Structures are given as C-alpha cells and as structure tokens.
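# Overview (structure and organization)
Chain by chain, the residues run as shown.
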Amino acid sequence: MSVRTQRTRLFAAGVAAVSVSLVLTGCGSSKSGSSSGANASVSVPAVISDASLAALVPADIKSAGKLVVATDASYAPNEFKDDKGAIVGMDVDLANAIAKKLGLTADVQNATFDAIIPGITGNKYAMSMSSFTDTKEREASVDMVTYFSAGTGIAVKKGNPEKIDPNDLCGKKVAVQTGTTQAAAIKDTINAACTKAGKPTIPNDGDKFDLQTDVTQALVSGRDQVMLADSPVVDYALKQTNGQLEKLGAVTDTAPYGVVLQKNSPLTKAVQGAVQSLMADGTYKSILEKWGVQAGAIDKSVVNGATS
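Residues numbered from 1 in each chain as written. Predicted model: local features only at pLDDT ≥ 70, side-chain atom pairs only at ≥ 80, totals over all residues. Heavy atoms only, no water.

### Quick notes on the packing of aromatic side chains
Two descriptors summarise a pair of aromatic rings, namely the distance from one centre to the other and the angle between the planes of the rings. What the rule picks out here adds up to five aromatic pairs. Measuring from ring centre to ring centre gives 4.5 Å for Phe113 and Phe132, while their planes differ by 20 degrees; the resulting arrangement is stacked. Of this pair, Phe113 sits in the loop between strand S5 (105-110) and helix H4 (116-121) while Phe132 sits in the loop between strand S6 (127-128) and helix H5 (136-139), and the two are 19 residues apart along the sequence. An aromatic cluster is defined as three or more aromatic residues linked by ring pairs; in this entry it consists of Phe80, Tyr236 and Trp291. (Phe/Tyr/Trp six-rings, centres within 6.5 Å; stacked < 30°, edge-to-face > 60°. Helix = DSSP H or I, 4+ residues; strand = E, 2+ residues; numbered from the N terminus.)

As structure tokens, then:
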C-alpha cells in the first residue's frame, strides 16, 4: 500500500481490481459521461436536521454554514460529472444528506484524487467522500467513518479475446487510476509475485491515468488489455460502454469505504452520527438504490474500522 491516498481495497496476491467510469464509446475525452445513469424512479426522502448532531459541529464550520467536501469526480457512479458539468453520484448525494443532517449545506469540490488527503490535513477541505477505502495506513493521518462496502474486480473486452486469466496478470497491459490501491498493488504485490514466479511483470507497474474515465477508455480503445477498479465502478462501466466490456472473475478483497476527516476532529463524531441516522431513517438505502449500488450497503457506521 502506498503511504498516501490509494482509493480502493487491498488486493489478494496476484489478483487485480477493476476500475469503472462513465465513458463514452469511441471518445477519448476525460469527461465523465453524457448522462447520470441514476434511477429516476427511486424517491429519496427529504433530510431533516438533527439538533443533537448539529451541536457537535465545530464552531467555525457551523458559522460558515457549509461543509467543504472534496471528491475526484471521475469515478462513476460514485462521483462524476454529468453532461451539464454538475458533480453527481452516490457519494455526492450522501455528502449532501450528511450536511443537511448536521444543519449545513455541502460545498462539493472537484479535486485530484491523490491531493485530497493532503487537502484534508492541510485544512483546505473539511471532509471527503471519494470512494476511499478505510485502511490502517490512512487512519494514521486521518479519521475515516465507514459507510459502504466494495470489492475489487477486473474488466476486459467483451468475450475476453486476449484470454486473460484473472489470477495471472503477469506481462499484461493493465490500466489503473493513479494513486489507487490497485496501482499500488501492481507495484507492491502483483509484480513482486510475477518476478518471484519467473514471469514478466506488468509493464511500467501499470498504465496509469489521473482520471478513471481515461482508464476505462484505454481498455475500450484497445490500448490496454485489462482494467482494474472498485466493483461498483466496474459494474457501471459495463453499462455505460454498451456491451463492449465484461467483468472477469469474482469480486475480491471486500473492504469498507470511509468518509475522510481530520484526525481527532470533533466533526468525526458528528459525521458518524449523521451516517448512522441516515441508515436508520431510510435515506441511505434510497440513495444507494438510486445509483444501483445497494449491494454495498452496510448497517452500522464506525470510526476507523479498518481491518488491514
């Protein structure tokens, strides 16, 4: 694992994770897509503020009336830009709901993924929801409030024309997003295992892109043979690429996502309480169903719940 901001979960030795983003067929753009893909038939209840939770909010944030929330808007359906340029997604809806529960509004700002945690520790952002896996390494510098569970997967071209074995990516061209756990796993775990087995390594420790959308496009275009990312992102990419991709192998290494906050901040307890309250009143479930990611629902939010 890298010491900074890997997005996703730990890798089992020798397996990769799949990345998903809202990619347009045949387009090399870094934009996140042409439509949100949300289920318009799902009704999300209005969020009512909780006075006891609002009382926990630090005075400076309370006086400002808003939570400044960082997200890397290239990771659909969790966080991405719709065709009008608005930042949308599961994490965005949850961030807005958390803010309302605390009597605030959310000011969601786009940020480069590997700059988010330094932005939290440097007081640029109050909070981040950007598909961060809760890990002990991250907990050393920030607090993480769990709210979702996701695993890793692998995507290839439809029909798997390259005959990729999900348990053996040695020597394959693998696309990943910069700063993710998948990227670190290639360097630290997968390629190490390939070398030990006397096999060729994944070139350049993976073909790395700043945006997840470009990762997906690299696979669609044939530049790369395999794409690695979080399971909900992979599932969404399969839908958005009109049958050009397929998932390979089983989802592995399931782990919790965490809301990122400053270490030992009073806001941590407020956010954990807000997440748990949203779970209790049904808002949380409705938001996940709206984005089709309800398989990752959890029933209890904890502070710093990493297992590895």
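### Points about helix H3 (residues 90-101)
Every α-helical turn comprises 3.6 residues, leaving residues that sit three or four positions apart pointing alike. End to end, H3 covers 17 Å across 12 residues, agreeing with the expected 16 Å (1.5 Å per residue, within 8%). A large share of H3 lies buried, amounting to 10 of its 12 residues. Where H3 terminates, the next one or two residues include Gly103, which has phi positive at roughly 75 degrees. (Expected span 1.5 Å × (residues − 1). Buried < 20%, exposed > 50% of the residue type's maximum accessible area, 1.4 Å probe, protein only.)

### Regarding the sheet that holds strand S7 (residues 142-157)
Across the sheet, eight strands lie side by side as S5-S1-S6-S11-S7-S10-S8-S9; this open sheet has mixed pairing. Because the sheet does not close on itself, it has two edges, and the strands there are S5 and strand S9 (207-209). Bridge count between S7 and strand S11 (residues 245-262): 13 bridges; the pairing is antiparallel. Looking across to S11, one finds that Asp143 is bridged to Leu261. Those strands touched by H3 are strand S1 (66-71), S5, S6 and S7, and its axis lies near 150 degrees from that of S5. Running over the sheet, helix H7 (residues 212-220) touches S7, strand S8 (174-177), S9, strand S10 (226-230) and S11 and is turned about 150 degrees from S10. (Pairing = 2+ DSSP bridges. Contact = heavy atoms within 4.5 Å. Axes fitted to C-alpha atoms, helices over the stretch in contact; angles between N-to-C directions.)

### Remarks on the state of the cysteines
This model, assessed by the stated rule, comprises one disulfide. Here Cys170 connects covalently by a disulfide to Cys194, the sulfurs 2.0 Å from one another. Measuring handedness by torsion sign, the sulfur bridge of Cys170 and Cys194 sits at about -95 degrees and is left-handed. Highlighted residues: Cys170 in the loop between S7 and S8 and Cys194 in helix H6 (residues 181-196), separated in sequence by 24 residues. Take Cys170: its relative accessible area is 14%, and that puts it in the buried class. (Disulfide = S-S within 2.5 Å.)

### Looking at the pattern of salt bridges
Across all of its chains, the model carries seven salt bridges by this definition. Note that Asp107 is salt-bridged to Lys66, the shortest N-O span being 3.5 Å. Taken together, the residues span a long stretch of sequence, with Asp107 in strand S5 and Lys66 in strand S1 at a distance of 41 residues. Given a relative accessible area of 23%, Asp107 falls into the partly exposed group. Judged by relative accessible area, which is 36%, Lys66 ranks as partly exposed. Among the ionic pairs, Lys290 bridges to Asp93, the shortest N-O distance being 2.8 Å. Taken together, the residues Lys290 in helix H10 (residues 283-290) and Asp93 in helix H3 connect sequence positions 197 residues apart. Judged by relative accessible area, Asp93 falls into the buried class, the value being 17%. (Salt bridge = Lys/Arg side-chain N within 4 Å of Asp/Glu carboxyl O.)

### What about the packing of H3 against H10?
Remark: H3 packs on H10, axes separated minimally by 9 Å, with the N-to-C direction vectors making an angle of 155 degrees. Comparing the axis directions of H3 and H10 gives the class roughly antiparallel. In terms of crossing hand, the pair formed by H3 and H10 is right-handed. Contacts between H3 and H10 pair Met90, Asp93, Leu94 and Ala97 from the former with Thr283, Tyr284, Ile287, Leu288 and Lys290 from the latter. Looking at the contact of H3 with H10, its residues break down into six nonpolar, one polar and two charged. (Parallel < 35°, antiparallel > 145°, perpendicular 65-115°, else oblique. Left-handed = near helix turned anticlockwise from the far one by under 90°. Nonpolar A, V, L, I, M, F, W, Y, C, P; charged D, E, K, R; others polar.)

### Details of the environment of Leu56
Its location among the elements puts Leu56 in the loop between helix H1 (51-54) and helix H2 (59-64). You can call Leu56 partly exposed: its relative accessible area is 30%. If near-sequence neighbours (up to four positions away) are discounted, Leu56 is found in contact with Pro266, Lys269 and Ala270.

### Section: unusual backbone geometry
For the bond running from Ala76 to Pro77, omega is 5 degrees, close enough to zero to count as cis. Among the secondary structure elements, Pro77 is positioned in the loop between strand S2 (74-75) and strand S3 (79-81). Phi at Lys163 is positive, roughly 55 degrees, even though this residue is not glycine. Position of Lys163 relative to the elements: it lies in the loop between S7 and S8. Among the residues examined, Lys163 registers a relative accessible area of 68% and is labelled exposed. With a phi close to 60 degrees, Asn204 is a non-glycine residue in the positive phi region. In this structure, Asn204 sits in the loop between H6 and S9.

Take it as geometry only, folks, not as evidence of what the structure does.
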